[in-house]
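Understanding the architecture of this molecule
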Protein chains: 2
Amino acid sequence: MINHFCRTPLWEASRTLAAVAQGKVPADTVIRHATLVNVCTHELQENVDVAISQGRIALVGDASHCIGGETQVIEAGGQYLAPGFMDGHIHVESAMVGVGEYARAVIPHGTTGIFMDPHEICNVLGLEGVSCMAEDARRTPLKAMITTPSCVPAVPGFEDTGSAIGPEEIRRTMDWDSVVGLGEMMNFPGILSSDPRTHAIVGETLQAGKIVTGHYSMPETGPGLNAYIASGVRCCHESTRAEEALQKMRLGMYAMLREGSAWHDLHQVARSITEHAIDTRFAVLVSDDNHPHTLTAQGHLDHILRRALEEGIDPITAIQMVTINCAQCFQLDHELGSVAPGKCADLVLLRDLKTMEVTRVLIDGQTVARDGRLTVEMKPYTYPQWATGSMHIRDAITPETFRIPVQGGQVTVRVMEVASGRVDNRETQAVLPVTDGELRSDPSQDVLKAAVLERHHGTGKMGFGFVRGFQIQNGAMASTVAHDAHNLLVIGTNEEDMALAANTLVEAGGGMAVVQNGQVLGLVPLPIAGLMSPLPVDQVSAQVEQLEKAWEQIGCRMVSPFMTMALISLACLPELRLTDRGLVDCTRFCFVPLEVPEGAADSDFTNI
Amino acid sequence: MINHFCRTPLWEASRTLAAVAQGKVPADTVIRHATLVNVCTHELQENVDVAISQGRIALVGDASHCIGGETQVIEAGGQYLAPGFMDGHIHVESAMVGVGEYARAVIPHGTTGIFMDPHEICNVLGLEGVSCMAEDARRTPLKAMITTPSCVPAVPGFEDTGSAIGPEEIRRTMDWDSVVGLGEMMNFPGILSSDPRTHAIVGETLQAGKIVTGHYSMPETGPGLNAYIASGVRCCHESTRAEEALQKMRLGMYAMLREGSAWHDLHQVARSITEHAIDTRFAVLVSDDNHPHTLTAQGHLDHILRRALEEGIDPITAIQMVTINCAQCFQLDHELGSVAPGKCADLVLLRDLKTMEVTRVLIDGQTVARDGRLTVEMKPYTYPQWATGSMHIRDAITPETFRIPVQGGQVTVRVMEVASGRVDNRETQAVLPVTDGELRSDPSQDVLKAAVLERHHGTGKMGFGFVRGFQIQNGAMASTVAHDAHNLLVIGTNEEDMALAANTLVEAGGGMAVVQNGQVLGLVPLPIAGLMSPLPVDQVSAQVEQLEKAWEQIGCRMVSPFMTMALISLACLPELRLTDRGLVDCTRFCFVPLEVPEGAADSDFTNI
């Protein structure tokens, strides 16, 4: 696959590189006396220089003959030199900032490339929204490789989105310079059922010679997983058990081991490597979703590398998992992922291999960060007005909006039971009293009312459900970050606070809010598609921190509860989810009523 | 890169594969109870089944649910199942047969794919000749991936060839279905000197997103090797010392470790792996050149695997080196090189991992060989008449043709000193007596006269030299296999036998001949471009065996001396070579006179 992400194509740079390597033309930059983390051979090599020209590596070895009067010499002083880190699967929108601010946050942590799946903005604004993010990316040194969102809507027929992507749109984007493949194919039921449209989406990508990325969230690793991989899917980041990750690698699939802000899979899945003496070339480390506070407080891939070391993975293997293995997964290893002649000069200097502290980052041969700070200016980018006016709610929202009239004295309802730090949920039940002919939240059972309001086309569609696990006694939360359709999701103990939370976001153009007793305790305005803020990442991080405190204030003890909340509407994850069209049984893929029919409890709910 | 070598493109097969994996549609074929050589994870897995449909793998695991009434079940009975072997660098012409007969010879030994560089036929017949070989290949089950010859002529300006390839020809072939990259870039001086035309040849390949294969035969592994790799060359099969192979891998270049009929590099270069605890993903095993007798008597990659085991490489690593590593080198790992869902069902069954005895071979899911014999019929293919009439010698050849008139009583001449089993030679000298005003061979010093006659355009060009190392006392040999221009090369102790040997080949349309005292002792007619025979491989092998006996009969004790002879004209290998234009100093790349000027001996020949 041709890489459009380097400063100079190799075929334009090669004559100069050959001359520089031989000392006939001085290098632009020479890094001296580094300890090379050689990801090709899994070795440390001491006292290695790297000569750089045209944004590419001309020589690795002794580069003293490559230094001229104009050459910038960077003295590494024995520090560790590794290829720039790459995140093989990331949704920038989860950081609640645009690609520019995302780049500002992650580059100082050693990230030089990301494979981003902009399926959040695509659900809201379609391919035009994806184009905006590509344009936002172009002003940054970060190599932002796009995988075209494959599942917009995520589960067709079960939700309303702002846009829809089919095979024709996929084919069109495969010609985009910024596109390297297909975004996570979450519709594994469509793949497994040989659905022509789903296979055509994959097929258009394969025909273009590009990479299909995956999302197989079932624990099953037999016929289903085989069927999924046989259909052309090359990688998957959804393993939560070591056995799943191991089986994927055994079946020739790249196992992307995930450690994001809210999904801490690594403790389990690292065992696929540490407890088995296997060739690890099919293992990759990814973040999937990080909120801004994680990026500013903990870092990005440097943090995930530290976590990998804690789990017992050796440092060179871990670094291979964010460099050469990732590049090979995307068949971009001829350009990226190793410190070798001809490759893009995307490099990091590390103080040591224990803390993985990044002291300097180069992209295309230019120093772009030192000691934790970006050292280059980026041009400003403003998202267009149509991208910042995405709240299209049909009716005024009042407490009445959230009423669920029912009959009888009490009702057994289905409940989505969430757990901290997990992407899956469980379908359980609760018996709720009926008050004034209405179903209400019952904080004494930790059962809260949830609603999803369609916000893209002003249809007025709305779905109701109940959720357990947040342990909030009084208050409400609202979010337009509500995967993947990103309609307006509201949860609360009472209808008044629910209405206030929702209306607060309508006014803000989208975002996340926490409300109690008629007071807004926390607000993160996200006016770009209702997903991202135009503010700098540290300011957004501060707002999110304030929001987390507001969650705590109203009684929630979860890690990043707003991320767990945002998955309540994601109907491609098991077991029970809520969209603007209603409650979805995500194991059988059908709508189910809020109320459990009498006598159905025993037969329907084998998972309880 | 899109693979055009599979029976069904994945995007056409995926819906069926998904159904087969889940047992909804029966598999075409199921292999049961194999011990899987898992090249993805470097593991052995016992009791594994593989389900096959549409020529591709649908499932790896327990496939009992994939068996229907029409399914062919192959009981492996615990035998080892590995991906089909691939040779990453091979010149089919060296086997002296067309691709069809080559396939017949190697498939039973487990070879399912070759990356062939048809630069021999291209030097004689141009791209039209390459097309013939592609057509010959199409009738075989063997996946014959072509790398377009990059260096025709091998060393421009130093020899006359039948054809010339430039950047425009390279660009044109990159659209061919059968072409996956560029053939070995032997013109490393052109790369190192930043020659625009040489870099354009590489550049056209890179722009097409395809692979540039290499040939860097210098022991230098510093600035020169860096310059070569930085220019976009991805692999090299020319390492003869372990240090060279190791350095190439460290610089992110695929080190193709060679074990051909006449070049036995593995004993040395295997140490790059066995003496260093490195990641071996950049190591590949290749044959480069095999003559027919090696294929019929010893095998192909199975033989090289056995050699690898003898050198201390573990069997799974060795098998990775002819499967997944090779596929990753060519970025065809999404289709070839592993036993995994979606991949082409190119598979071998091995009796054990010691003898590497191949009991069954499948290509695209079809059994194509069992117990050493091809089990499928191939359509006949006849090379066109213009391909079998390639001897265009201007003048009738007589003993007079080989006269070298000189003055004086004795003359110091440059001598090409060859050694058995080595591709390089040494430049030495000899003092020859002048008899009747002529320079003649002097068998007492093992110094034989050599001549190269242009045979493509009837120009009458002819170059003379002397060679040492064959130890022949009486007789002559001629060959139209004379790398890479494949002019008519003649060596002998006397001019009469030289003329007979040459004329024998003119009559045969090309080939190899051994002559003594006016008798033809051995003849291998190679009428296809003067390089290949239309006969079955075992018959050609018998002819070659007879030829080798004839070499022995006239006093030569070398291993495959005709292969060593055929390199005498290859001006891209050190140190001294002979073309139809004269003697070439292949270190400085200039013509040198046959006679050493008086007083020049000390200063010019530092290598002696």
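The structure we're discussing is the one just above.
Note that this is a predicted model, so its numbers are computed, not measured.

Notes on the overall build of chain A
Per the secondary structure count, chain A includes 18 helices and 29 strands. Against the compact-globule benchmark of 25 Å for 608 residues, chain A has a radius of gyration of 25 Å, which places it among compact chains. Across its three principal axes, chain A shows a C-alpha extent of roughly 90 × 50 × 45 Å. Out of the 608 residues belonging to chain A, those deemed buried represent 68%. In chain A, of all internal contacts separated by at least 6 residues, the share reaching a separation of at least 24 is 70%.

Here's the deal with the interface of chain B and chain A
Of the residues lining the interface, 65 residues belong to chain B; the matching set on chain A comes to 65 residues. Between chain B and chain A, the buried area comes to about 5,200 Å², and carbon and sulfur atoms account for 52% of it. Three residues stand out in chain B for area buried against chain A, namely B:Trp11, B:Arg250 and B:Arg281, and they jointly supply 13% of the buried area on that side. Where chain B touches chain A, the interface holds 4 salt bridges. In this structure, A:Glu43 and B:Arg250 form a salt bridge, with 2.8 Å as the shortest nitrogen-oxygen distance. Taken together, chain B and chain A are joined by 29 residue pairs in polar contact (both at pLDDT 80 or more). Those elements giving two or more residues to the side of chain B that touches chain A turn out to be α1 (10-21), β2 (43-53), β3 (56-61), α5 (188-192), α6 (196-207), α7 (223-230), α8 (242-250) and α14 (324-329) of chain B. Sort the elements by how many residues they give to the side of chain B that touches chain A and α1(B) lands first, with 8 residues. Residues of the side of chain B that touches chain A, tallied by class, amount to 32 nonpolar, 23 polar and 10 charged.

Focus on the environment of B:Gly61
Residues and elements named next belong to chain B. Assignment of secondary structure puts Gly61 in strand β3. By relative accessible area, Gly61 is classed as partly exposed at 23%. Taking C-alpha positions, Gly61 is 8.5 Å from Ala51, a pair spaced 10 residues apart along the chain. Once residues within four sequence positions are removed from consideration, Gly61 is found in contact with Val48 and Asp49.

Some remarks on the nonpolar core
In this structure, A:Phe470 and B:Phe470 are the most contacted members of the largest nonpolar core, which totals 453 residues. In this view, B:Phe470 contacts B:Val418, B:Asp446, B:Ile491, B:Trp551, B:Gly555, B:Cys556, B:Met558, B:Pro561, B:Thr564, B:Met565 and B:Ile568; residues no more than four positions away in its chain are not counted.

As for the sheet that holds strand β27 (residues 576-579) of chain B
All names here are of chain B. Strands sit in the order β27-β28-β29 across an open sheet of 3 strands; the sheet is antiparallel. Each of the sheet's edge strands pairs with one partner strand only, and the pair in question is β27 and β29 (590-592). Within the sheet, the average angular offset between the axes of one strand and its neighbour, ignoring direction, is 45°. Relative to strand β28 (residues 582-585), β27 runs antiparallel, the two sharing 4 bridges. Counted as the bridge partner of Arg577 is Val584 from β28.

A word on the environment of B:Ile170
All names here are of chain B. Tracing the backbone through its elements, the reader meets Ile170 in helix α4 (residues 167-173). Look at Ile170 and you get buried, because its relative accessible area is 0%. Beyond its immediate sequence surroundings of up to four residues, Ile170 is in contact with Thr148, Pro149, Ile165, Leu182, Ile201, Glu204 and Thr205.

Focus: the relation of the copies chain B and chain A
Overlaying chain B on chain A yields an RMSD of 0.1 Å, the required transformation being a rotation through 180° with an accompanying axial translation of 0.0 Å. Here the two chains are linked by the operation of a two-fold rotation axis. Mapped onto chain A, 100% of the interface residues of chain B are again interface residues, and the two copies thus contact each other with one and the same surface.

Brief notes about the packing of aromatic side chains
Where two aromatic rings form a pair, the distance of their centres and the angle of their planes describe that pair. Residue and element names in this part refer to chain A. This model, assessed by the stated rule, comprises 14 aromatic pairs over all chains. Taking the centre distance of 4.8 Å and the plane angle of 35° together, the rings of Phe158 and Phe591 count as tilted. Taken together, the residues span a long stretch of sequence, with Phe158 in the loop between β8 (143-148) and α4 (167-173) and Phe591 in strand β29 (residues 590-592) at a distance of 433 residues. Since its relative accessible area comes to 13%, Phe158 is described here as buried. For Phe591, a relative accessible area of 37% corresponds to the partly exposed category. Grouped by ring-pair contacts, the aromatic residues Phe188, Tyr216 and Tyr228 constitute a single cluster.

Considerations on the packing of helix α6 (residues 196-207) of chain A against α1(B)
The interhelical angle for the contact between α6(A) and α1(B), taken along N-to-C directions, is 145°, at an axis separation of 9 Å. Between α6(A) and α1(B) lies a crossing whose hand is right-handed. Counting all contacts with α6(A), which are made through A:Pro196, A:His199, A:Gly203, A:Leu206 and A:Gln207, the residues of α1(B) involved are B:Leu10, B:Trp11, B:Ser14, B:Arg15 and B:Ala18. Among the residues forming the contact of α6(A) with α1(B), the class breakdown is 5 nonpolar, 4 polar and 1 charged.

Details of helix α12 (residues 301-310) of chain B
Residue and element names in this part refer to chain B. The buried fraction of α12 amounts to 7 of the 10 residues, a majority that puts the element mostly inside the structure. Listed in full, the buried residues belonging to α12 are Leu301, Asp302, His303, Ile304, Leu305, Arg307 and Ala308. Positive backbone phi, at 95°, marks Gly312, one or two positions downstream of α12.

Things to note about unusual backbone geometry
Residues and elements named next belong to chain A. Along the chain, Val152 connects to Pro153 via a cis peptide bond; the corresponding omega equals 0°. Relative to the helices and strands, Pro153 resides in the loop between β8 and α4. Residue Asp484 is bonded to the preceding His483 through a cis peptide linkage, with omega at -20°. Mapping Asp484 onto the fold places it in the loop between β23 (476-479) and β24 (488-492). Not every positive phi belongs to a glycine, and Asp288 is a case in point at roughly 70°. For Asp288, the position within the fold is in the loop between β13 (283-286) and α11 (292-297).

Remarks on the sheet that holds strand β12 (residues 254-258) of chain A
All names here are of chain A. An order of β6-β7-β8-β9-β10-β11-β12-β13 is seen for the 8 strands of this open sheet, with the pairing classed as parallel. The sheet terminates laterally at β6 (85-90) and β13, the two strands that pair on one side only. As paired elements, strand β7 (residues 111-116) and β8 share 4 bridges and run parallel to each other. Counterpart to Met116 in the pairing with β8 is Ile146. Strand contacts of α6: β9 (179-185) and β10 (211-214), with the helix running at about 155° to β9, the strand carrying the most contacts.

Regarding the environment of A:Leu81
All names here are of chain A. By secondary structure assignment, the location of Leu81 is in strand β5 (residues 80-83). Using a relative accessible area of 0% as the deciding quantity, one classes Leu81 as buried. Considered as a pair, Leu81 and Val358 are 277 residues apart in the sequence and their alpha carbons are 9.8 Å apart. Once residues within four sequence positions are removed from consideration, Leu81 is found in contact with Ile31, Ala34, Thr35, Leu36, Val37, Val50, Val339, Leu347, Val348 and Leu349.

Rules used in this analysis
- Residues numbered from 1 in each chain as written.
- Chains lettered and ligands numbered in written order.
- Predicted model: local features only at pLDDT ≥ 70, side-chain atom pairs only at ≥ 80, totals over all residues.
- Heavy atoms only, no water.
- Helix = DSSP H or I, 4+ residues; strand = E, 2+ residues; numbered from the N terminus.
- Rg over C-alpha atoms; globule rule 2.2 N^0.38 Å.
- Buried < 20%, exposed > 50% of the residue type's maximum accessible area, 1.4 Å probe, protein only.
- Contact = heavy atoms within 4.5 Å.
- Buried area = accessible area lost by both parts, 1.4 Å probe.
- Salt bridge = Lys/Arg side-chain N within 4 Å of Asp/Glu carboxyl O.
- Polar contact = N/O pair within 3.5 Å; in protein donor to acceptor, adjacent residues only side chain to side chain.
- Nonpolar A, V, L, I, M, F, W, Y, C, P; charged D, E, K, R; others polar.
- Core = buried A, V, L, I, M, F, W, Y, C linked by side-chain atoms within 4.5 Å.
- Pairing = 2+ DSSP bridges.
- Axes fitted to C-alpha atoms, helices over the stretch in contact; angles between N-to-C directions.
- Least-squares fit on C-alpha atoms with pLDDT ≥ 70 in both.
- Phe/Tyr/Trp six-rings, centres within 6.5 Å; stacked < 30°, edge-to-face > 60°.
- Left-handed = near helix turned anticlockwise from the far one by under 90°.

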